[in-house]
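Chain by chain, the residues run as shown.
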Amino acid sequence: MNNFSIFVGIDVSKDKFNVCAISNPSSIIFESSFDMSQQGFSSFANKLSAFPKQSIIIAMESTGCYHLNLLAFLSSNDFACAVFNPLTVKNFASLRKTKTDKIDARIIATALFYLQHQIPSSAFVNSELRDIVRARENIIHRIAKVKDNIEKLLNVLFPELERVTNIYSDTILNLLSHFPSAKAIQKARNLDVFFSKDRGRSTKLNAQKLKELANNSIAQYWPMKEKILVQNIKELQFLQQQLEEYDKMMKEYCECSAINLDIEILTSIPGIGENSAMHFLAEVGDISRFSTYKKLIAYCGLDPSIAQSGKSKVEGHISKRGNAHLRRILWLMAVSVVIHNEYFRTYYERKRQQGIPYKKAIMSVVHKLLRTLYAMLRKKEKFNIDYAISHSKQKFNFA
């Protein structure tokens, strides 16, 4: 780590950013405000040019999206940069309630002074893959919501249909977009056209059976609900197309970066697929950012919350102060490895035999999986079940 002598804190907002440079918490070098523009970026860089670049370290809080262009600009100009979790900076705030952008910049600079030796050399993480996977995750949530709407509408328009076929097959969705209810199907002709595309596939439903089902349906006539169903089907088909595009974007990004090796390492664990591996790596970034697996666990918000007073010490639920997206993907990965991986399934079953409830047992698997992933990525080693079992009693699990 460099011996920095100038610590620059930046408070970023949508239209401007406030800067405070200090040599120590009681010595302010300068305080300024700049526009969030090319001219503002250049003016800030010119201000810093009065000092040796190797003596400067700059920090800002993660603000969602507003800090990204400034961070990329500074990093591309070879400034040492760090991004703080707002909860970390909060610990250095004054007890007074006064809060301004100028004061916030000073607090960030102070936090940077005290935490300079805890900042990894690879503090800047490319966020493009993370943006892709989070957008993909949002599409998945929207698809789930639209499917829920479709099921509710069909429960009124044609409640018998879901019992006999997969309503989300291309054939059924195409049919419902033309005849969105039992009443509409009763009047329809040439239904065989929709099922002719299913040649070679086994199906429990054909045009004749569908007609019989519609004729015996309890559904009544709901013209507005039919129109809403058609719109929901169109939205679902659009979202599914978008999901395919995001899948292509993820693969293209990984093929053009050095992340492919890490994907191969993670997918060597039975139960972890490419998409899960990419989601995990997008949220974690460079594993060397974490000097120990405990810091990675805390980053995920999976560390226990502890309340201690005197001799009393109580460990509560997980803190959930970390990355919620990462916690979600780790949960899904844990459920999958319990199904497909003998090593983790044995561990899960042992926890269940000890009387531990399902969710807590899965959370134990999450912790074990996370420690394993950390060791594999640090060592650049693929998963080997024989090696893992022989070392399962070690605290580090995969070390």
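Scoring rules and cut-offs
- Residues numbered from 1 in each chain as written.
- Predicted model: local features only at pLDDT ≥ 70, side-chain atom pairs only at ≥ 80, totals over all residues.
- Heavy atoms only, no water.
- Helix = DSSP H or I, 4+ residues; strand = E, 2+ residues; numbered from the N terminus.
- Pairing = 2+ DSSP bridges.
- UniProt positions renumbered as here; feature names shortened; annotations may be inferred.
- Phe/Tyr/Trp six-rings, centres within 6.5 Å; stacked < 30°, edge-to-face > 60°.
- Buried < 20%, exposed > 50% of the residue type's maximum accessible area, 1.4 Å probe, protein only.

**Some words on unusual backbone geometry**
Then step 1. One non-glycine residue, Asp78, lies in positive phi territory at about 65 degrees.
Then step 2. In this structure, Asp78 sits in the loop between helix H2 (68-76) and strand E5 (80-84).
Then step 3. Positive phi is not limited to glycine here, since Asn190 has a value of about 55 degrees.
Then step 4. Counting through the fold element by element, Asn190 comes out in the loop between helix H8 (182-187) and helix H9 (192-195).

**Comments concerning the pairing of strand E3 (residues 27-35)**
Then step 1. Where strand E2 (residues 16-24) and E3 come together, eight bridges link them in antiparallel fashion. Its bridge partner lying in E3, Ala21 is registered against Phe30.
Then step 2. In this antiparallel pair of consecutive strands, E2 and E3, the connection spans two residues.

**Looking at the UniProt feature "coiled-coil region" (unreviewed entry) in the protein**
Then step 1. Taken from the UniProt record, the annotation "coiled-coil region" (unreviewed entry) applies to residues 229-256.
Then step 2. Between the end C-alpha atoms of residues 229-256 the distance is 41 Å, and the span holds 96% helix and 0% strand.

**Examining the packing of aromatic side chains**
Then step 1. In total, this model carries 14 aromatic pairs according to the counting rule given.
Then step 2. Consider the rings of Phe17 and Phe41, whose centres lie 6.0 Å apart with planes at 65 degrees: the pair is edge-to-face. Highlighted residues: Phe17 in strand E2 and Phe41 in helix H1 (residues 38-48), separated in sequence by 24 residues. No difference in accessibility class separates Phe17 from Phe41, as the two residues are buried.
Then step 3. Summarising the aromatic geometry, the rings of Tyr343 and Phe383 are spaced 5.9 Å apart at their centres and angled 50 degrees between planes, so their arrangement reads as tilted.

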